[in-house]
Amino acid sequence: MAPPSLETVGDRYQHIAFGDAAVARQRITGSVVAYGAGLDTPDSGPQQVTPREVRMLTGVFAFHMATVTPSGWPYVQYRSGPTGFVHHLGGNRFGFADFRGNQQFVSVGNLETDGRVALFVADHPKKMRLKVFGRATVIDGDADPELLERLSQVADGRIAARCERSIVIDVEAFDWNCARSMVPLYTSEQVRERVQPYIDQIHQLQDRVDELERRLW
């Protein structure tokens, strides 16, 4: 896998993601030249998101979210919703409505103890991957009903699922991954969008053939 350009790995990402053991191995292989250029300088603070990150985060229908349990274990959960269920709230802040689930409250409980969160976001048709570090806040619906209502809205209307609380994430750092190993995957809706024009054309041609056959008879 080709190393990322220094433009895609900011100082804050390096300081968060790269521990001493990782950096030691990078030095042995020489990859620290590409990956660790900002480690010799003080942490510069949160990376500022650009329109590219905003488009990625607000255009997906799913992502994986990692939180930290009180015992220090990572906990990864798949979060999904209608396309656009992740909202940009301005600056580095994003939010989404938390749907009623299995009532275990593992992610929510973790966030209320430790707000650190990591997101893995993928656009499989375009073979794009984005890793995000942030700090999340859980806001119950009755504490801010207006925010929950805002996050419950998508382009096609209101989310049908029962929304109980808002989760707001302030992005600290992000990194775009190499797309080399990604396999393009498509939802049934995405396949239909790409195939439907050809199906329509086939139907039109079949109607034309039927018409011409009737004339011959």
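Each residue is numbered by its place in its chain's sequence as written, counting from 1. In keeping with the model being predicted, local features are shown solely for residues with a pLDDT of at least 70 and side-chain atom pairs are shown and tallied solely at 80 or more, while totals for entire chains, interfaces and linings include all residues. Think of the side-chain values as coming from all heavy atoms in the structure, minus any hydrogens and water.

- An unreviewed UniProt entry lists the chain under the name Pyridoxamine 5'-phosphate oxidase family protein, from Gordonia cholesterolivorans.

## Description of the sheet that holds strand S6 (residues 128-140)
- Here we have seven strands laid out as an open sheet, ordered S2-S1-S5-S6-S9-S4-S3, and antiparallel in their pairing. Of all strands in the sheet, those with a lone pairing partner are strand S2 (74-80) and strand S3 (87-90), marking the two edges. For this sheet, the mean inter-axis angle between neighbouring strands, taken without regard to orientation, is 35 degrees.
- Strands are labelled as partners when DSSP assigns at least two bridges between them. We count a stretch as a helix when DSSP gives it H or I for four or more residues in a row; a strand needs E for two or more, and each element gets its number in order from the N terminus. Sheet analysis places strand S5 (residues 116-123) next to S6, joined by eight bridges and oriented antiparallel. Residue pairing in the sheet places Val121 in a bridge with Leu130 of S6.
- Only heavy atoms matter for contacts: two residues are in contact if any of them lie within 4.5 Å across the pair. To define axes, lines are fitted to C-alpha atoms, for helices over the stretch in contact only, and angles between the resulting N-to-C directions are given on a 0 to 180 degree scale. Of the strands in this sheet, S3, strand S4 (93-99), S5, S6 and strand S9 (163-177) touch helix H4 (residues 51-59), which is tilted by about 70 degrees from S6.

## Concerning the pairing of S2
- When strand S1 (residues 62-68) meets S2, the two strands line up antiparallel, connected through seven bridges. The residue of S2 that forms the bridge with Val68 is Pro74.
- Counting the residues between successive antiparallel strands, the hairpin from S1 to S2 contains five residues, one of them, Gly72, with a positive phi of roughly 95 degrees.

## Things to note about the layout of surface pockets
- Reported here for the largest pocket is a volume of approximately 640 Å³.
- In this analysis a 1.4 Å probe is tested at points of a 1 Å grid over the protein atoms alone, and where it fits but cannot get out there is a cavity; an open set with protein on both sides within 12 Å along at least five of seven lines is a pocket; lining residues have an atom within 4 Å of a point. Lining the largest pocket are 24 residues, and of these Val60, Phe61, Thr83, Thr187 and Gln190 lie nearest its centre.
- Elements supplying a minimum of two residues to the lining of the largest pocket: S1, S5 and helix H7 (188-216).
- Residues are sorted three ways: Asp, Glu, Lys and Arg are charged, Ala, Val, Leu, Ile, Met, Phe, Trp, Tyr, Cys and Pro are nonpolar, and all the rest, Gly among them, are polar. When grouped by side-chain class, the residues that make up the lining of the largest pocket number 12 nonpolar, six polar and six charged. Grid points are joined across faces, edges and corners, and a volume is the space filled by probe spheres set on the points.

## Focus on empty space enclosed by the protein
- Applying the stated criterion to the full structure yields one cavity of 30 Å³ or more.
- Estimated volume of the largest cavity: approximately 80 Å³.
- In this structure, the largest cavity is lined by Leu57, Phe63, Val86, Phe94, Gly95, Phe96, Leu119, Val132, Ile169 and Val171.
- Looking at the lining of the largest cavity, the elements with two or more residues in it are S4 and S9.
- Broken down by element, the lining of the largest cavity gets its largest block of residues, three residues, from S4.
- Residues that form the lining of the largest cavity fall into these classes: nine nonpolar, one polar and no charged.

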